[in-house]
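What follows is each chain in one-letter form.
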Amino acid sequence: MTSYTKKEVGDLVDGRLPFNTVHRMLSMPKDVERFELYLQVLQERVSWPDKIILARGPHLYIVQDAKSKRWVNKCACGHVMGEYHENWKLYANIFVRNSEALLNELQPKLMAPHHEWQEIREFICPECGIMHDVEAPVPWYPILNEFEPDIETFYRDWVKLPLPEKAN
Ligand SMILES: [Zn+2]
């Protein structure tokens, strides 16, 4: 098992490592410090004091609010998008591509899905405008909630870190 430096983990997060290095890092058993280093790298890149518990995506985190100790979903810009157990997408601005014209902005005609059978939903932070996710369901399908992490088990059994205090 190889240990990596904080700089290497930062380069991994930024996508600056060569493919072979990334492949080796991701396919080998993880060194025990990896998750802690990863959290440190993420924490140094945000301007707010809330402790990052888990990343939901490149710019969206589950954090422990520094004052209330409640766990919430938070954009890198600081905008809160619901409590950690809620679907953060319901707090986003949602741009729905549900017409031929809107779908053809992304894909050429005849290569785009038919708008009666599929729509594309873009989930955007209401404060900074970054797009956190895209889903492409059938038009009548509810908004997906694709990730409900078991943080307690992850911290206890996988990364073996003390669980941050939780007030909710
Ligand atoms: Zn934002």
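In what follows, the accompanying structure is described. These figures come from a predicted structure and were not determined experimentally.

1. What to know about the pattern of salt bridges
Next, step 1: Taken as a whole and judged by the stated rule, the model has 18 salt bridges.
Next, step 2: Where Arg70 meets Glu83, a salt bridge forms, and the shortest distance between an N and an O atom there is 2.8 Å. Placement of Arg70 in the loop between strand E2 (60-64) and strand E3 (71-75) and of Glu83 in strand E4 (residues 80-83) is noted, with a sequence separation of 13 residues between them.

2. Observations regarding the environment of Pro137
Next, step 1: Tracing the sequence through the fold places Pro137 in the loop between strand E7 (131-135) and helix H5 (151-158).
Next, step 2: When its relative accessible area of 9% is taken as the criterion, Pro137 is described as buried.
Next, step 3: Along the backbone, Pro137 and Trp117 are 20 residues apart, and their C-alpha atoms lie at a distance of 8.3 Å.
Next, step 4: Each residue touching Pro137, except ones within four places of it in the same chain, is listed here: Trp117, Gln118, Glu119 and Arg121.

3. A few points about the coordination of the zinc ion
Next, step 1: Distances from the zinc ion to its protein donors, Cys75 (SG), Cys77 (SG), Cys125 (SG) and Cys128 (SG), fall within 2.3 Å.
Next, step 2: Relative to the metal, the four donor atoms surrounding the zinc ion lie at angles of 106 to 113°, and the coordination shape comes out tetrahedral.
Next, step 3: Sequence positions of the residues that donate to the zinc ion give the spacing C-x1-C-x47-C-x2-C. Taken as a pair, Cys75 in strand E3 and Cys128 in the loop between strand E6 (120-124) and E7 lie far apart in primary sequence, 53 residues in all.

4. Details of unusual backbone geometry
Next, step 1: Unusually for a residue other than glycine, Leu110 sits at a positive phi of about 75°.
Next, step 2: Examined against the element boundaries, Leu110 turns out to sit in the loop between helix H4 (100-104) and E6.
Next, step 3: Exposure remark for Leu110: the relative accessible area of 85% places this residue in the exposed category.
Next, step 4: At Lys160, a residue that is not glycine, the phi angle is positive and equals roughly 50°.
Next, step 5: Within the fold, Lys160 resides in the segment after H5.
Next, step 6: For Lys160, a relative accessible area of 62% translates into the label exposed.

5. Brief notes about the packing of aromatic side chains
Next, step 1: By the definition in use, this model includes eight aromatic pairs.
Next, step 2: With a centroid separation of 6.3 Å and 45° between ring planes, the pair formed by Phe35 and Tyr38 is classed as tilted. Here the residue Phe35 and the residue Tyr38 both occupy positions in helix H3 (residues 34-44), the gap between them amounting to three residues, near one helical turn.
Next, step 3: Among the residues examined, Phe35 registers a relative accessible area of 11% and is labelled buried.
Next, step 4: Plain terms: the ring middles of Trp71 and Tyr84 are 5.2 Å apart, the flat faces sit at 70° to each other, and that makes the pair edge-to-face. Of this pair, Trp71 sits in strand E3 while Tyr84 sits in the loop between E4 and strand E5 (93-97), placing them 13 residues apart in sequence.

Rules used in this analysis
- Residues numbered from 1 in each chain as written.
- Predicted model: local features only at pLDDT ≥ 70, side-chain atom pairs only at ≥ 80, totals over all residues.
- Heavy atoms only, no water.
- Salt bridge = Lys/Arg side-chain N within 4 Å of Asp/Glu carboxyl O.
- Helix = DSSP H or I, 4+ residues; strand = E, 2+ residues; numbered from the N terminus.
- Buried < 20%, exposed > 50% of the residue type's maximum accessible area, 1.4 Å probe, protein only.
- Contact = heavy atoms within 4.5 Å.
- Donors = N, O, S within 2.8 Å, 3.2 Å for Na, K, Ca; no water.
- Tetrahedral: all angles 85-135°; square planar, octahedral: opposite > 155°, others 65-115°.
- Phe/Tyr/Trp six-rings, centres within 6.5 Å; stacked < 30°, edge-to-face > 60°.

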